[in-house]
Amino acid sequence: ADRSDVQQFIDWSWQEGARFECIIGVINLRMLSYGYSDPFQFNEGHDFSCLEWLDVFNSHTGALDLLTSSWSAVLAGGWPVFRSFLHISRKLKDRLADENNKYWRLTERN
């Protein structure tokens, strides 16, 4: 399946009455694409803030929506999602600590 198929599946899973037992796995797979490839791949350019990155991250994974709206699904089987968050955070820290870091706005504290 390509990205649009996965995104349609994620969108469908949030609809009222949809069964979402496997949505945790779909979201986790999407998060792994951030952990094992360039975590900035879906952002345009190099001049984006942390909030802009989070917005793009959520639009591609649905992970933040999951955390804010579906605790029952997370508690029922979503613990791998937290491992993926840890993996992505380590990758981001590594990329931002690089001396050739070109994403300077992500390191600002405003």
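It should be noted that the structure appears before, not after, this text.
Residues numbered from 1 in each chain as written. Predicted model: local features only at pLDDT ≥ 70, side-chain atom pairs only at ≥ 80, totals over all residues. Heavy atoms only, no water.

## Some details on the packing of aromatic side chains
Okay, so step 1: Evaluation of the coordinates by the stated rule reveals 6 aromatic pairs.
Okay, so step 2: Seen in terms of ring centroids, Y34 and F57 are 4.9 Å apart; in terms of plane orientation they differ by 85°. Their pairing is edge-to-face. Here Y34 is found in helix 2 (residues 23-35), whereas its partner F57 is found in helix 3 (residues 50-61), with 23 residues between them in sequence. As far as burial versus exposure is concerned, Y34 and F57 are alike and both buried.
Okay, so step 3: On the numbers, 5.9 Å between centres and 50° between planes, the contact of F40 with F48 is tilted. Comparing F40 with F48 shows no difference in burial state: the two are buried. (Phe/Tyr/Trp six-rings, centres within 6.5 Å; stacked < 30°, edge-to-face > 60°. Helix = DSSP H or I, 4+ residues; strand = E, 2+ residues; numbered from the N terminus. Buried < 20%, exposed > 50% of the residue type's maximum accessible area, 1.4 Å probe, protein only.)

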